[in-house]
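Now for the letters of each chain:
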Amino acid sequence: MANISKIKGKSLVEPEDFSVEEMESLFLMSEKIEKNEKYLRESCRGKLLATLFFEPSTRTRLSFEAAMLRLGGSCLGFADSGSSSAVKGESLADTIRMAASYADAIVMRNPKEGSALLAKRYSYVPVINAGDGGHHHPTQTLTDLLTIRRLLGKIGNLTVGFCGDLKFGRTVHSLAKALARYEKIKMIFISPKELVLPEYIKTILKKRNVLFEERENLEKSMPELDVLYMTRVQRERFFNEDDYIRLKDIYVLNSDKMSLGKEKMIVLHPLPRVNEIAVEVDSDPRAVYFKQAKYGMYVRMALLASILGVK
Ligand code: CP
């Protein structure tokens with residue numbers, strides 16, 4: 001845990017805010033928590049976490065709250081943005097100043113790209129980005145990397161396929177950027193041309209000499225993949241309902257397509273899913289998205305304990 005002292009007091013706005021070594025120390029802590037439920041149990045006693053969710057969430061919000069409560073700390077926050085003074089016109093900067101006056105750390109989800117960076121600028125306490133529009137979702141990336149490490153035993157020398165909405169998918173942007181720092185990763189981006197990966201992420205991958213390809217066909221890509229990262233086509237990010245309806249069911253992973261995959265492939269999904277993974281796939285041992293969501297709680301426990309200071 002050599003790098004924990006460096007994480008203490010730090011914000012997490014995008015995946016590269018933490019070094020590979022710092023992330024590795026979080027993964028080791030997460031695995032200890034998974035094995036021993038008493039580990040770090042009281043490490044956040046007396047600490048308060050503010051959860052500011054300006055967009056809906058099930059996993060991120062509940063896993064952060066569960067993590068903080070399991071560490072002996074407490075949470076405060078508004079049930080939805082409609083019950084905060086944001087509806088009266090209060091700026092995000094002022095809301096953040098208030099939350100930072102009451103809490104020891106802030107977790108925020110907001111529909112605007114760049115909002116987490118702005119929050120960090122105005123906060124007196126660490127800010128954790130729980131998703132800023134279609135930009136980044138770095139704690140989902142910690143969850144995804146921990147799942148790969150835990151179930152495949154390594155993060156490296158892997159072919160990772162990303163499928164679905166790669167344009168607006170913040171979890172894809174964050175994971176692709178994070179994976180680019182590991183050895184021998186090949187990425188295959190599978191999407192319709194309307195939902196391809198943004199140019200700025202491709203530029204980063206090219207600068208790092210990451211091998212990647214863009215394709216439209218999922219079936220043909222299946223035999224190559226060690227990890228398949230499925231994503232939802234996100235209705236809330238479309239400007240035009242007709243475009244959403246045309247594209248929403250473009251990829252549906254079912255048992256027939258799973259039969260084309262490697263025996264040891266794993267299927268991840270940040271969830272929620274709608275139709276892109278048929279329910280019949282849930283019983284396939286390679287479908288690990290519910291396990292992944294549980295690892296999200298362990299890694300958020302490790303993150304909070306580290307940011308707020310492990311005793
Ligand atoms: N993966 C994820 O961010 O899920 P929620 O939107 O439910 O938080």
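In this report, the structure presented in the accompanying data block is examined. (Residues numbered from 1 in each chain as written. Predicted model: local features only at pLDDT ≥ 70, side-chain atom pairs only at ≥ 80, totals over all residues. Heavy atoms only, no water.)

1. Quick look at the overall build of the protein
Phase 1: For the protein, the helix and strand inventory stands at twelve helices and nine strands.
Phase 2: Here the C-alpha atoms of the protein give a radius of gyration of 19 Å, agreeing with the 19 Å that 2.2 N^0.38 yields for 311 residues.
Phase 3: Projected onto its principal axes, the C-alpha coordinates of the protein cover approximately 55 × 45 × 40 Å.
Phase 4: The 311 residues of the protein split such that 57% are buried.
Phase 5: Counting every atom, the protein has about 13,600 Å² of accessible surface; 51% of that belongs to carbon and sulfur. (Helix = DSSP H or I, 4+ residues; strand = E, 2+ residues; numbered from the N terminus. Rg over C-alpha atoms; globule rule 2.2 N^0.38 Å. Buried < 20%, exposed > 50% of the residue type's maximum accessible area, 1.4 Å probe, protein only. Areas by Shrake-Rupley, 256 points an atom, 1.4 Å probe, with all protein chains shown as cover.)

2. Section: the site of the ligand
Phase 1: Every residue near the ligand is listed here: Ser57, Thr58, Arg59, Thr60, Arg109, His137, Gln140, Pro270 and Leu271.
Phase 2: Here an oxygen atom of the ligand sits 2.9 Å away from a polar atom, N or O, in the side chain of histidine 137.
Phase 3: Between the ligand and proline 270 there is a distance of 2.8 Å, counted from a nitrogen atom to a backbone nitrogen or oxygen.
Phase 4: For the ligand, the accessible surface in isolation is 250 Å², of which the surrounding protein chains cover 92%. (Near = heavy atom within 4 Å. Polar contact = N/O pair within 3.5 Å; in protein donor to acceptor, adjacent residues only side chain to side chain.)

3. Here's the deal with empty space enclosed by the protein
Phase 1: A full pass over the atoms with the stated rule returns four cavities of 30 Å³ or more.
Phase 2: There is about 50 Å³ of room inside the largest cavity.
Phase 3: Surrounding the largest cavity, Arg59, Gln140, Thr143, His269, Pro270, Leu271, Tyr289, Gln292, Ala293 and Arg300 form its lining.
Phase 4: Of all the secondary structure elements, the ones that give two or more residues to the lining of the largest cavity are helix H6 (138-152) and helix H12 (289-308).
Phase 5: Here the element with the most residues in the lining of the largest cavity is H12; it accounts for four residues.
Phase 6: The residue makeup of the lining of the largest cavity, split by class, is four nonpolar, four polar and two charged. (1 Å grid on protein atoms, 1.4 Å probe; cavity = no way out; pocket = protein on both sides within 12 Å on 5 of 7 lines; lining within 4 Å. Points joined across faces, edges and corners; volume = space filled by probe spheres on them. Nonpolar A, V, L, I, M, F, W, Y, C, P; charged D, E, K, R; others polar.)

4. Let's talk about helix H3 (residues 59-70)
Phase 1: Relative to the 16 Å expected for twelve residues at 1.5 Å per residue, H3 spans 16 Å between its end C-alpha atoms, a close match to the ideal helical length.
Phase 2: Those residues of H3 lying buried are Thr60, Arg61, Ser63, Phe64, Glu65, Ala67 and Met68.
Phase 3: The secondary structure elements touched by the buried residues of H3 are strand E1 (48-53), strand E2 (74-77), strand E3 (105-110), strand E4 (127-132), H6 and H12.
Phase 4: The first or second residue beyond H3 is glycine 72, which carries a positive phi of 90°. (Expected span 1.5 Å × (residues − 1). Contact = heavy atoms within 4.5 Å.)

5. Topic: unusual backbone geometry
Phase 1: Cis peptide bonds are those with omega within 30 degrees of zero, and the linkage from leucine 271 to proline 272 qualifies with 5°.
Phase 2: The backbone of asparagine 157 shows a phi angle near 55°, a positive value even though the residue is not glycine.
Phase 3: One non-glycine residue, leucine 271, adopts positive backbone phi at about 65°.
Phase 4: Mapped onto the elements, leucine 271 comes out in the loop between strand E9 (266-268) and H12.

6. Comments concerning the sheet that holds E3
Strand pairing in a sheet relies on backbone hydrogen bonds, with the paired strands running either antiparallel or parallel.
Phase 1: Strand order in the open sheet formed by four strands is E2-E1-E3-E4, and the pairing between neighbours is parallel. Strands with a single pairing partner mark the edges of an open sheet, and in this sheet they are E2 and E4. The mean angle between the axes of side-by-side strands here comes to 20°, regardless of whether they run parallel or antiparallel.
Phase 2: In this sheet, E2 lies alongside E1 in parallel orientation, the contact comprising four bridges. Among the inter-strand pairings, alanine 50 is bridged to a residue of E2, identified as leucine 76.
Phase 3: Contacts between helix H4 (residues 92-102) and the sheet are confined to E1, E2 and E3, with E3 contributing the most and set at about 150° to the helix. (Pairing = 2+ DSSP bridges. Axes fitted to C-alpha atoms, helices over the stretch in contact; angles between N-to-C directions.)

7. Section: the packing of helix H2 (residues 20-35) against H6
Phase 1: Axis separation between H2 and H6 bottoms out at 10 Å; the angle between their running directions is 70°. Relative to H6, H2 is oriented roughly perpendicular. Remark: the crossing between H2 and H6 carries right-handed chirality. Only Leu142, Leu145, Leu146, Arg149 and Arg150 of H6 make contact with H2, whose side of the interface consists of Met23, Glu24, Leu26, Phe27, Leu28, Ser30, Glu31 and Glu34. (Parallel < 35°, antiparallel > 145°, perpendicular 65-115°, else oblique. Left-handed = near helix turned anticlockwise from the far one by under 90°.)

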